[in-house]
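Notes for the structure review
Residue-level listing of the chains:
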Amino acid sequence: MLRARQRSWLTALTALVAANAVAVTGCSSSQSNEGSSSGQVILKVRLFGTFGYKEAGLFDAYMKLHPNIRIDYSTTEQESGYYTALQTSLASGSGLGDVQGLEVGHIADATHNLGDKFVDLNTLGASSLKNNFYDWKWQASMTPDGKQIGLGNDIGPLAICYRADLFEQAGLPTDSASVSALWAHGWDGYVQAGQKYLQHAPAGSHWVDTASGIYNTIIGQSRQQYYDGSGKVVWDSNPAVKSAWDESMKIATTDMTAGLSQYSQNWNTSFATGSFATIACPSWMIGYIKSQAGSAKGRWSVATIPGGGGDWGGSYLAIPKASKHQKEAYDLIAWLTSARQEATLFANVGMFPSNRKAAADPSVTGATDTYFSGPDGKSAAAIGKIFGDSAAKLTVATTGSKDGTIRDAIDRGIARVETQHRSPDESWSQVKTDIAAAIGN
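This report concerns the structure included in the present document. (Residues numbered from 1 in each chain as written. Predicted model: local features only at pLDDT ≥ 70, side-chain atom pairs only at ≥ 80, totals over all residues. Heavy atoms only, no water.)

The subject of this paragraph is the overall build of the chain. Each helix and strand counted, the chain has 19 helices and 9 strands in total. Computed over its C-alpha atoms, the radius of gyration of the chain comes to 21 Å, within 12% of the 22 Å expected for a compact globule of 441 residues. Principal-axis analysis of the C-alpha atoms places the extent of the chain at approximately 65 × 55 × 35 Å. Looking at the chain residue by residue over its 441 residues, the buried ones come to 54%. For the chain, the accessible area works out to roughly 17,400 Å², and carbon and sulfur atoms hold 49% of it. In the chain, the 36 positive side-chain charges and the 39 negative ones have mean positions that sit 5 Å from each other. (Helix = DSSP H or I, 4+ residues; strand = E, 2+ residues; numbered from the N terminus. Rg over C-alpha atoms; globule rule 2.2 N^0.38 Å. Buried < 20%, exposed > 50% of the residue type's maximum accessible area, 1.4 Å probe, protein only. Areas by Shrake-Rupley, 256 points an atom, 1.4 Å probe, with all protein chains shown as cover. Lys, Arg positive; Asp, Glu negative; His and termini not counted. Charge placed at Lys NZ, Arg CZ, Asp CG, Glu CD.)

What follows covers the environment of Lys232. Mapped onto the elements, Lys232 comes out in the loop between helix H9 (211-219) and helix H10 (239-252). Linking Lys232 and Gln87, residues 145 residues apart in sequence, is a C-alpha distance of 23 Å.

Take Ser212: it is sitting in helix H9. Every residue in contact with Ser212, bar those within four places of it in the chain, is listed here: Asp411 and Ile414. (Contact = heavy atoms within 4.5 Å.)

Below, the discussion takes up the environment of Gly57. In this structure, Gly57 sits in the loop between strand S1 (41-48) and helix H2 (58-65). Using a relative accessible area of 3% as the deciding quantity, one classes Gly57 as buried. As for Gly57 and Tyr330, which are separated by 273 residues in sequence, their C-alpha atoms are 19 Å apart.

Below, the discussion takes up the pattern of salt bridges. Summed over the entire model, instances satisfying the criterion amount to 15 salt bridges. For Glu79, the salt bridge is made with Arg407, and the minimal N-O distance between the two is 4.0 Å. Highlighted residues: Glu79 in helix H3 (residues 79-92) and Arg407 in helix H18 (residues 403-420), separated in sequence by 328 residues. One salt-bridge network, held together by shared partners, links Glu79, Glu103, Arg407 and Asp408. (Salt bridge = Lys/Arg side-chain N within 4 Å of Asp/Glu carboxyl O.)

Before going further, it helps to examine the nonpolar core. Side chains of nonpolar character tend, in soluble globular proteins, to be buried together. In this structure, Leu102, Trp207, Phe271, Ile289, Trp300, Val302 and Ile410 are the most contacted members of the largest nonpolar core, which totals 129 residues. Ranked by the residues each element gives to this core, the list is headed by strand S4 (residues 151-163), at 7 residues. If we skip the residues at most four places from it in the chain, Leu102 touches Phe48, Tyr83, Leu86, Ile107, Ala110, Phe118, Ile149, Gly314, Ser315, Tyr316 and Ala318. (Core = buried A, V, L, I, M, F, W, Y, C linked by side-chain atoms within 4.5 Å.)

With 7 of its 9 residues buried, helix H12 (residues 285-293) lies for the most part within the structure. Those residues of H12 that are buried lie in contact with S4, helix H11 (265-273), strand S6 (276-282), strand S7 (300-304), helix H14 (339-349) and helix H17 (383-393). Gly294, located one to two residues past H12, shows a positive phi value of around 55°.

Another aspect to go through is the side chain of Glu103. Note that Glu103 resides in strand S3 (residues 99-103). Apart from residues lying up to four places away in sequence, Glu103 is in contact with Phe48, Glu79, Gly313, Gly314, Ser315 and Arg407.

A few words now on the packing of aromatic side chains. Tallied over the entire structure, the rule returns 29 aromatic pairs. When the centroid spacing of 6.0 Å and the interplanar angle of 45° are considered together, the rings of Phe51 and Tyr53 count as tilted. Overall, the relative accessible area of 3% leaves Phe51 in the buried class. With a centroid separation of 6.1 Å and an interplanar angle of 20°, the aromatic rings of Tyr134 and Trp136 are classed as stacked. Owing to a relative accessible area of 25%, Trp136 belongs among the partly exposed residues under this scheme. (Phe/Tyr/Trp six-rings, centres within 6.5 Å; stacked < 30°, edge-to-face > 60°.)

Attention now goes to the state of the cysteines. For the coordinates displayed, the defined rule picks out 1 disulfide. Shown here is the disulfide that connects Cys161 with Cys281, its sulfur atoms set 2.2 Å apart. Measuring handedness by torsion sign, the sulfur bridge of Cys161 and Cys281 sits at about -55° and is left-handed. Of this pair, Cys161 sits in strand S4 while Cys281 sits in strand S6; the two residues are 120 residues apart in sequence, bridging distant segments of the chain. (Disulfide = S-S within 2.5 Å.)

Attention shifts here to the environment of Ala164. Position of Ala164 relative to the elements: it lies in helix H6 (residues 164-169). Residue classification places Ala164 among the buried residues on the basis of a relative accessible area of 0%.

Further remarks concern unusual backbone geometry. Most peptide bonds take the trans configuration, and most residues that are not glycine carry a negative phi. Positive phi outside glycine occurs at Tyr263, with the angle close to 75°. You will see that His421, though not glycine, has its phi angle at about 60°, which is positive.

Written as structure tokens, this is what we have:
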């Protein structure tokens, strides 16, 4: 929990959350249809990963403010499986929530190919909220004919999260400023620091969890990635993609990588066991580290990203047309994505606001986090400044309908090098074949 300059509303909300906390089982909210009093509206919220609403107490707070609403919430950890299931449900019109999450890698597919399956939020009043959001975030969830199908939950400004205790054991600096200086001149500095780390690393510890995280971070610093501005697929001719691949291969072909699959059980437990010393860290990773590393408070800290800025990830909230409670669902998502609630999400789980009013709030810009304090336990990481500076420098990428498909194929290609010891050239050829089969190019 952050102890930055919280305004009175945040203090009040924190007290409200504490007073009305509910038990949580697994990945689902304890709220359900069972036991609901007559006349209550049950809103089904179906998300992926950790959006942070439950963890920050916002669902509880909303139900306290709206006694006629019950939120039935569940989440799927792997976004790729979630999106495949969502496409199937949209096609059949069944099995849908009143609120569905959409990830940035699939938002262009949703706006271009599935727009008729979602409510145009402008018909419910969303046009009045446009100026609350970053222009590019608002535009990304708009269909070609001007329908707004999503409200932005967060963006993914980048940093490097690192195990300060492992850095200390390996003879590297541990405070955020000194660690950031190791790679002040770019990714070559990051690789060189990893090589130095391995010379004195604790037994069984690697420099990074997976090279795919580094790839996604580097490509997240480029404006043109998989599509050009005209909508043409250019991933295989874009030098930025090949450069990000080649940089990740410097890690994938060495002992620097732990070769873990992100969101696997082994990856989850490795946050606490010390299997890796650094991880590419979009702001949303902050809350994930806390949830997985648990009692490792003070072992983790946060440094700036090589290159200074970039974006990886981010999400939206949408309402399927199949929902029978569209107005109630809209009221919920408008509240969740308001400045106050998005600032609260950052304070609790590190989700950096896509609401630009929240991003400018002192509770965000001045935020620190004692969990990420390093081995001396005295220097709480200045996450507001680190992620805020990264957000200010990020390059808004051109997105396309198959961004997620292309990204997943490249991630699999990196994994082949890491875990199957395939050569980079061989695996790159397979990436080309896989993407051509998947998207027809």
